[in-house]
Amino acid sequence: MLRVLAVDDEKPLLEELLYLLRSDTRVRSAEGASDATEALRRVTRALESGPDGPDGIDVVFLDIHMAGLTGLDIARLLAGFARPPLIVFVTAHEGFAVQAFDLKAVDYVLKPVRPERLAEAVRRSCEQLGRSEDASAAAVAAGPVRPAAGPPAVPVAHRPVTAVTVADRASDQIAVELGGVTRFVAIADISYVEAQGDYARLHTDEGSHLVRIPVSTLEERWAARGFVRIHRRHLVALARIDELRLEAGTTSVRVGSTDLQVSRRHARELRDLLMRQATG
């Protein structure tokens, strides 16, 4: 069970977050801190106590916009410790997701917080904490490393896990979260996709939406829909490309009012696809 610290400088929001956390049977204890100073003091005491000590903290649910140090500042400070607690950001702003996952955040929950979304963040925290504990226990049990006769089996707890917070409601739509509200975007309305860490930003004529799905997953899933990779950062709908430009040895495409660079490794394949499409 998790020992949790929730940090938010808005008291009503902190109380609501604590209420939801304490209602989850996977949470052993949930304490609150109303500012960065109080949070750091509490985490320092937990680190001094040790992970199995009476003051230990497993996860910090952390707001980003606070007076003084921001949640991102706190996460950077905690990252300097040998065994810091896990971090889940809880914020009203989706624009910090890339920075959050660069700091190894377990999850990024948008306000207003929905109980089922918070429950998913708790599940991920339990899962990640369990993998870390399993790895430590396995290392102790294994003792000295000995040559293996063949390739070692990979324990279930160590196998890669893809964490996806959104799923296709149907083959022609994808669910996205905006301010705690789930809405469905038609895949046909998406012009291009931009990689942002563990997230992908979906660009449409009306705006953009952030989803926690790697671009590589969308590339595979949407290949049959005419989406092609043109760069490590971009996946583009072929039908939305208005111009292909070749200038000074570089290739780019225009999608609406946006110019996107095409990497050398993808340039020839893209030109061939566009030619086949034009003559098809």
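Above this text you will find the structure in question.
Residues numbered from 1 in each chain as written. Predicted model: local features only at pLDDT ≥ 70, side-chain atom pairs only at ≥ 80, totals over all residues. Heavy atoms only, no water.

1. Some details on the overall build of the protein
Reasoning step 1: From N to C terminus, the protein includes seven helices and 15 strands.
Reasoning step 2: Partitioning the contacts of the protein with sequence separation of at least 6, the portion at a separation of at least 24 is 53%.
Reasoning step 3: Element-wise, carbon and sulfur atoms account for 52% of the exposed surface of the protein, whose accessible area totals about 15,300 Å². (Helix = DSSP H or I, 4+ residues; strand = E, 2+ residues; numbered from the N terminus. Contact = heavy atoms within 4.5 Å. Areas by Shrake-Rupley, 256 points an atom, 1.4 Å probe, with all protein chains shown as cover.)

2. Let's talk about the sheet that holds strand 5 (residues 107-110)
Reasoning step 1: Spatial strand order, 2-1-3-4-5: five strands in an open sheet with parallel pairing. Two strands bound the open sheet, and with one partner strand each, they are strand 2 (27-33) and strand 5. For this sheet the average axis-to-axis angle between neighbouring strands, irrespective of direction, equals 20°.
Reasoning step 2: Taken together, the four bridges between strand 3 (residues 59-62) and strand 4 (residues 86-91) define a ladder with parallel strand orientation. Bridge pairing in strand 4 links phenylalanine 61 to valine 88. (Pairing = 2+ DSSP bridges. Axes fitted to C-alpha atoms, helices over the stretch in contact; angles between N-to-C directions.)

3. Regarding the nonpolar core
Reasoning step 1: Formed by 26 residues in total, the largest nonpolar core has its most connected members in Leu5, Val7, Val60, Leu62, Phe89 and Tyr108.
Reasoning step 2: Of all the secondary-structure elements, those providing two or more residues to this core are strand 1 (2-7), helix 2 (36-49), strand 3, helix 3 (71-78), strand 4, helix 4 (97-102) and strand 5.
Reasoning step 3: Every residue in contact with phenylalanine 89, bar those within four places of it in the chain, is listed here: Leu62, Ile64, Gly71, Leu72, Ala75, Ala100, Leu103, Ala105, Asp107, Tyr108 and Val109.
Reasoning step 4: Core analysis: the second largest hydrophobic core is formed by 21 residues, Val4, Phe61, Val90 and Ala121 among them. (Core = buried A, V, L, I, M, F, W, Y, C linked by side-chain atoms within 4.5 Å. Buried < 20%, exposed > 50% of the residue type's maximum accessible area, 1.4 Å probe, protein only.)

4. Some remarks on the pairing of strand 5
Reasoning step 1: Residue alternation in strand 5 divides its side chains into two sets, Asp107 and Val109 and Tyr108 and Leu110, and both sets are buried.
Reasoning step 2: Sheet topology places strand 4 next to strand 5; four bridges connect them, and they run parallel. Bridged to phenylalanine 89 within strand 5 is tyrosine 108.
Reasoning step 3: In terms of handedness, the path from strand 4 via helix 4 over to strand 5 forms a crossover that is right-handed. (Right-handed = clockwise from strand over helix to strand, strands pointing away.)

5. Quick word on helix 1 (residues 11-22)
Reasoning step 1: Helix length check: helix 1, at twelve residues, gives a terminal C-alpha distance of 16 Å against a target of 16 Å (1.5 Å per residue), a fit within 8%.
Reasoning step 2: Turning to helix 1, its buried residues are Leu14, Leu17, Leu18, Leu20 and Leu21. In a view along the axis of helix 1, the buried residues occupy a sector of 165°, so they form one face of it. Relative to its buried face, helix 1 has exposed residues pointing more than 90 degrees away, namely Lys11, Pro12, Tyr19 and Arg22. (Expected span 1.5 Å × (residues − 1). Arc of directions from axis to C-beta.)

6. Details of the pattern of salt bridges
Reasoning step 1: Across all of its chains, the model carries 20 salt bridges by this definition.
Reasoning step 2: Two residues, arginine 240 and aspartate 205, come together in a salt bridge whose shortest N-O distance is 3.5 Å. On the criterion of sequence distance, the pair formed by arginine 240 in the loop between strand 12 (234-237) and strand 13 (243-247) and aspartate 205 in the loop between strand 9 (199-204) and strand 10 (208-211) is long-range, its members being 35 residues apart.
Reasoning step 3: Classification of arginine 240 by relative accessible area gives partly exposed; the value is 23%.
Reasoning step 4: Of the residues examined, aspartate 205 reaches a relative accessible area of 60% and is grouped as exposed.
Reasoning step 5: Three or more residues are tied together by salt bridges with common partners; here these are Asp107, Arg117, Glu120, Arg123, Arg124 and Glu127. (Salt bridge = Lys/Arg side-chain N within 4 Å of Asp/Glu carboxyl O.)

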